[in-house]
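Examination of the molecular architecture
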Amino acid sequence: MKALGDNMRLEVGSVHVRDVEASDRTELRDHTLAIDAAELRALVLEDSHFTDVRVRVVKPGESVRIIHALDVVEPRWKVAGPGGVFPGFVSPAVTVGEGRTHRLAGVAVVEVGAPVPGESTVFRERIVDMAGPGAELSPFARTLNVVLELTPNMAFFPPGSETIKDFLTGGPESNEYNRAVQAAGLKVAAHLGRTAREAVPDDVEAFELAPCDPALPRVVCLLQEVTLTPYLYGVRVSLPLGTMLHPNEFFDGAVVRWNRGYIGSTYREQNHPMLIELCRRHGRDLNFLGCIVFGGVTVSAADKEASSSSVSKMARLLRAEAAMVIGLNGSNHAVDLMLTIQKCERAGIKTTLVYNDVGEGPDDPGFIFAVPEADAIVNSGSRAQTVTLPKMATLIGGDRLVDPDIDARGELTIPMRYLYGAIDPSGGSRQTVRFE
Amino acid sequence: MTALRVVHYLNQFFAGIGAEDKAETPPGQREGAIGPGRVLQQALGDRAQIVATVYCGDNHVAEKPGAVDAILDLIAEHRPQIVVAGPAFSAGRYGWACGEVALRARERLGVTAVTGMHVDNAAAEIFRTEVYIASTQKTATGMADAVQVMARLALKLASGTPLGPPAEEGYVPTGRRVFETASRPAAERAMDMLLRKIRGEAYTTEWPVPRYYRVAAAPPVRDLARATIALITTGGLVPRGNPDRLESGYATKWLRYSIAGADTLPPERWQSVHGGFNTTRINEDPHRVLPLDVARELEREGVIGRLHPEFFSTTGNTSVIPTMRRFAQEMGRDLKAAGVDGVILTST
């Protein structure tokens, strides 16, 4: 029997994969991942939402542009401990974050597909260039990518389903299909991760919020999600009042990103730079208390009061002295964020915010809304800064971007928000904006 | 090394001509430094030499057409490499003159130009994006500090040395963005900042929060029964099919649609393309975002005089503030010209 107050301890073993090659067997051969494309195809086609899938391997430095990327997932497998990876999708929805998980470091599964009938194209477009200036900005240009190009089964889209009833989330058929897309990516990622179940990892890092020196400052991490709610344990639920998660749950894939929005991917949640940094500092510089994930549709001032009050109250209940805040700029939810910061600061909880710039031009401060208490902000890059991407030899996913509607075959000049993973407040990016 | 040639601009008061009673003084000049120019010369040291001082009365420069051109003609005679204007502290007309002289000296003469004033001087808001403005105290008691900063900025800019952040260098933030790649990722920088804040050590935000423009509300409509009322929405309402391709976010335009003679907005003909909320309810009944039905009733009942025959629409989603400010100015001009007395603005 475990002692009272025993901690969640997760060992993450990394196998550094140096190459991915085609084979008639999916297995890990030393540091090379062999994949049987036919087997992966059969795995995806178990779900009748798809009539076909093309499996392609794309490597860093290749002249390849991927458009319509819907999510990126890192292959992982639960080796010991309760539950499995991606709970609620490929394993039971039991609490994860304990035991041992192996990961194929350097490999990513990328789901790709054009919009289906009734699907909203707002905030949908995400691009990965494997070479050139775009490759220097996107973390997914540095991974060996197993790309799944999915073909939808149109039988799931009866006449009328092409009507976009809601520009933000699209119609129910498209929502269901997109969940299937993500499930397919997670299933393939788990299947590939399983090849590492008996491997001896190159390194093992233990994540545990063990009791520590009571003199260390108590720090909570506030992570804002927006209306584009992620899946927690397979459930897509709006969290205006916030909920608590252990960082290890992220590392085991309990948080799966809804495949909309300029920011985020499941891969990022599995390798969340800020959470890893906080865990590493735990017991040394600070006492990391865990995460409060919050955000949702808050249409009224009352909703915003309720959201910010609840989140700041949870931080107080944890007796936090400080909060590391990952915020999402650019719309009404910035109000929820800033009110939360204000309420934390007024309760004596010191905050630091990591935030992306959304402004353009010297008259635009880049904030939708701000409070004077937000006096410690790290700028993690501009969503509006443009980048010019040269023509790539191979294009995956289609010929045209959908939002904006432009030809993707030649040179592209686009705001950086379209470059997958380039502009992100989770702490991994070195992009920043200095204000003169 | 030859010293850089500096021309200093002052108003009549600091040039020693006189106070408000001499505010009509036309542009004039003196050899070398006078008044605050002497302190400025000390701050410039031997790297730059104030060769002349050009001055003008506050009223003259503000009111007489061509006054700034005359000032620039005088400045140009001395072939300066640097023009320093002020400091103006919180003086409004003087602040405007300093900003205008510095800006146009740079544009017309191609010189390095700096000025100085208090951040709340209205001229700081007008010129900060165009001219380097040393951030000063409100009154001339801050003269010594102000000229130190102005001298340092002028010498740095003239030698092509890049300036550090506004707080460090002492200038009013220009709002200009410099895109950079930091030496360390955001997580590490944020961790350092948070730990410093927790420990009570000094920390500097990478991104100061803005001071927002406050728009004073217009006085109430006096006689609603005689008033013309317009409807405007940021809810992305457009004719079905979105023929003018209004964006779902990051709107670059606003549109006008006729509602002359129409009593309702049937859902077969109107829809919202807003990308920031669930539009289902609006698409069932467009009046939920543009209350034409109720407005017509009020018109018939005589509660309002008449409804403006067009409504304006844009998308208020991930919007860029200067763009939205421009929309508001354009719409405002348009409504004013059409004799509209009041607007019902439905946001989402």
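Residues numbered from 1 in each chain as written. Chains lettered and ligands numbered in written order. Predicted model: local features only at pLDDT ≥ 70, side-chain atom pairs only at ≥ 80, totals over all residues.

Along chain B, the regular secondary structure elements total eleven helices and 13 strands. Over its C-alpha trace chain B gives a radius of gyration of 27 Å, far above what one expects of a compact globule, namely 20 Å for 348 residues. Over its C-alpha atoms, taken along the principal directions, chain B stretches across nearly 75 × 55 × 35 Å. A separation of at least 24 residues holds for 72% of the contacts in chain B among residues at least 6 apart in sequence. (Helix = DSSP H or I, 4+ residues; strand = E, 2+ residues; numbered from the N terminus. Rg over C-alpha atoms; globule rule 2.2 N^0.38 Å. Contact = placed C-beta atoms within 7 Å.)

All right, on to the packing of helix α7 (residues 301-317) of chain A against helix α8 (residues 333-346) of chain A then. All names here are of chain A. Packing of α7 against α8 leaves a shortest axis separation of 8 Å and a crossing angle of 40°. If you check the angle between α7 and α8, you find them oblique. Of the two possible hands of crossing, α7 and α8 adopt the one that is right-handed. For the pair α7 and α8, the contacting residues are K304, S307, S308, S309, V311, S312 and A315 in the first and V335, D336, L339, T340, K343 and C344 in the second. Of the residues belonging to the contact of α7 with α8, the class tally is five nonpolar, five polar and three charged. (Axes fitted to C-alpha atoms, helices over the stretch in contact; angles between N-to-C directions. Parallel < 35°, antiparallel > 145°, perpendicular 65-115°, else oblique. Left-handed = near helix turned anticlockwise from the far one by under 90°. Nonpolar A, V, L, I, M, F, W, Y, C, P; charged D, E, K, R; others polar.)

Residue G86(B) is joined to P87(B) through a cis peptide bond whose omega torsion reads 15°. On the secondary structure map, P87(B) appears in the loop between β4 (82-85) and α4 (92-109). Residue D30(A) is not a glycine yet carries a positive backbone phi of 55°. As for its placement among the helices and strands, D30(A) is situated in the loop between β3 (27-29) and β4 (32-35). With a phi angle near 55°, R245(B) is a residue other than glycine that sits in the positive phi range. Here R245(B) is to be found in the loop between β9 (237-239) and β10 (255-258).

Residues and elements named next belong to chain A. For D202, the position within the fold is in the loop between α3 (172-193) and β13 (203-208). Along the chain, D202 and S308 lie 106 residues apart, while their C-alpha atoms are 43 Å from each other. When near neighbours in sequence (up to four residues on either side) are disregarded, D202 contacts S14, V15 and H16.

The next point concerns the sheet that holds strand β21 (residues 350-357) of chain A. All names here are of chain A. In spatial order, the strands read β17-β19-β14-β20-β21-β22; together these six strands make up an open sheet with mixed pairing. Bordering the open sheet on either side are β17 (239-245) and β22 (377-382), each of which pairs with just one other strand. On average, each strand axis in the sheet is tilted by 20° relative to the strand beside it, whichever way the strands run. Sheet topology note: the strand β20 (residues 322-326)/β21 ladder contains five bridges and is parallel. Residue pairing for β21: I326 is matched across the bridge by V354. Here α8 sits on the sheet and contacts β14 (218-224), β19 (287-295), β20 and β21; the angle it forms with β21, its principal contact strand, is near 160°. (Pairing = 2+ DSSP bridges.)

To continue, consider the nonpolar core. Soluble, globular proteins show a tendency: their nonpolar side chains are buried together. Core analysis: the largest hydrophobic core is formed by 135 residues, its most contacted members being I66(A), V110(A), L148(A), L222(A) and A323(A). Considering every element that reaches this core, the biggest residue donor is α3(A), with nine residues. I66(A) has contacts with V58(A), V110(A), V112(A), I127(A), V128(A), V147(A), I396(A) and G397(A), leaving out every residue within four places of it along the chain. Listed in part, the 57 residues of the second largest apolar core include L44(B), A105(B), M117(B) and A134(B). (Core = buried A, V, L, I, M, F, W, Y, C linked by C-beta atoms within 7 Å. Buried ≥ 20, exposed ≤ 12 C-beta atoms within 10 Å, placed from the backbone.)

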